[in-house]
Amino acid sequence: KELQGLGSRVMKVGAATAAIGSAILAPLGAAVSQFVAMGRELGGVAGKTGMGVEALAEFKYAAEQAGAGLGDIEAASKSVTKTIADAKMGSSGAAVALSRLGLTAQGLGEMLPEEQLQTITDKLGGIQDPAMKAALAAQLLGGTNLLPVVGQMGKLREEARALGLVPTRQAVEDAANLGRMLDKITAMVSATMSEAASAVAPMLLEVADAVINIAATVNRWIRDNHELIQTVAKIGVTIVAVGAAIT
């Protein structure tokens with residue numbers, strides 16, 4: 001009894017220790033997942049737009065205040081880049097749109113992508129005519145989702161920095177590298193499992209064939225012995241009925 005009691009206590013301590021470990025690892029795992037997702041998101045958009053990851057994090061925060069997101073920032077940056085390129089290639093529509101903000105393709109072309117977007121949103125924020133502001137936002141930013149914050153973009157970016165919401169470039173790179181490493185581990189585990197399955201597949205096929213043959217034999221026997229099975233069933237029912245009557 002003493003040994004049983006000791007064993008029971010050890011099991012309880014082990015269970016409690018496991019629970020504590022899970023309580024620690026669960027939020028840590030969630031944090032790692034969120035960290036990797038952040039790196040992939042910012043790093044991916046940075047690669048598509050040429051914008052710095054720090055600026056993207058700031059723009060993302062600003063966009064979220066309007067119910068938009070990083071996808072809208074990406075679309076806006078690409079639209080701005082296209083508008084500048086079109087204007088340089090002689091598109092009168094693109095050049096006119098920029099001129100209404102007092103901007104030129106040449107001047108914007110000398111800026112970084114984040115500076116281009118900031119400059120255009122600042123200029124849009126100064127337009128008083130709502131219809132013209134919406135039309136220019138649609139043309140230059142590729143949509144109007146950012147319209148509610150075009151005049152506040154700089155202030156909101158500063159707010160993001162003040163709140164500590166802007167990761168460093170190194171942090172984003174580390175997150176992206178960790179994500180790639182986890183992808184490699186996942187791929188390796190998947191490949192290992194596939195190899196293991198491949199190794200036992202022939203044996204499993206033999207077992208499956210044997211089961212199929214046995215099942216087929218049983219089916220044939222049942223089909224050929226209906227009367228015997230009915231007799232056995234009747235006997236079983238009778239025994240159950242007798243037993244119920246006795247009890």
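Look up a bit, the structure's there.
Residues numbered from 1 in each chain as written. Predicted model: local features only at pLDDT ≥ 70, side-chain atom pairs only at ≥ 80, totals over all residues. Heavy atoms only, no water.

Q: Kindly report on the overall build of the protein, identifying the contributing residues and their values.
A: The number of helices and strands found in the protein is 10 helices and zero strands. When the helices and strands of the protein are listed from N to C terminus, the series reads α-α-α-α-α-α-α-α-α-α. Of all 247 residues assigned to the protein, the portion counted as buried reaches 25%. Long-range contacts, defined as pairs at least 24 residues apart, comprise 65% of the intrachain contacts of the protein with a sequence gap of at least 6. Accessible area for the protein stands at about 15,700 Å²; split by element, carbon and sulfur atoms hold 63% of it. (Helix = DSSP H or I, 4+ residues; strand = E, 2+ residues; numbered from the N terminus. Buried < 20%, exposed > 50% of the residue type's maximum accessible area, 1.4 Å probe, protein only. Contact = heavy atoms within 4.5 Å. Areas by Shrake-Rupley, 256 points an atom, 1.4 Å probe, with all protein chains shown as cover.)

Q: Give a detailed account of the packing of helix α6 (residues 113-125) against helix α8 (residues 153-162), specifying residues and quantitative values.
A: For the pair α6 and α8, the least separation of the axes is 9 Å and the interaxial angle reads 130 degrees. Taken together, the axes of α6 and α8 are oblique relative to one another. In contact with E114, Q118 and T121 of α6, α8 contributes M153, G154 and R157. Its residues assigned to classes, the contact of α6 with α8 comprises one nonpolar, three polar and two charged. (Axes fitted to C-alpha atoms, helices over the stretch in contact; angles between N-to-C directions. Parallel < 35°, antiparallel > 145°, perpendicular 65-115°, else oblique. Nonpolar A, V, L, I, M, F, W, Y, C, P; charged D, E, K, R; others polar.)

Q: Tell me about the layout of surface pockets, residues and numbers included.
A: In this structure, the largest pocket encloses a volume near 160 Å³. Surrounding the largest pocket, M38, E41, L42, A57, K60, Y61, E64, L165 and P167 form its lining. The set of elements that each furnish at least two residues to the lining of the largest pocket consists of α1 (2-49) and α2 (53-64). Residue contributions to the lining of the largest pocket peak at four residues, all from α2. Tallied by class, residues from the lining of the largest pocket come to six nonpolar, no polar and three charged. (1 Å grid on protein atoms, 1.4 Å probe; cavity = no way out; pocket = protein on both sides within 12 Å on 5 of 7 lines; lining within 4 Å. Points joined across faces, edges and corners; volume = space filled by probe spheres on them.)

Q: Break down the pattern of salt bridges for me, with residues and values.
A: What the rule picks out here adds up to seven salt bridges. Here R40 ties to D183 by a salt bridge, and the two come within 2.4 Å at their closest N and O atoms. Of this pair, R40 sits in helix α1 while D183 sits in helix α9 (residues 169-224); the two residues are 143 residues apart in sequence, bridging distant segments of the chain. Given a relative accessible area of 41%, R40 falls into the partly exposed group. K48 is the partner of E74 in a salt bridge, and the nearest nitrogen-oxygen pair spans 3.9 Å. In this pair, E74 sits in helix α3 (residues 70-88) while K48 sits in helix α1, placing the two residues 26 residues apart along the sequence. For K48, a relative accessible area of 57% corresponds to the exposed category. (Salt bridge = Lys/Arg side-chain N within 4 Å of Asp/Glu carboxyl O.)

Q: I'd like a description of the environment of G44, backed by residues and values.
A: Summarising the element assignment, G44 is placed in helix α1. Residue classification places G44 among the partly exposed positions, given a relative accessible area of 28%. Along the backbone, G44 and A176 are 132 residues apart, and their C-alpha atoms lie at a distance of 9.1 Å.

Q: Could you give me a rundown of the side chain of T119, with the residues and numbers involved?
A: With respect to the element layout, T119 can be found in helix α6. For T119, the contacting residues outside a window of four places in its chain are L103, L108 and M111.

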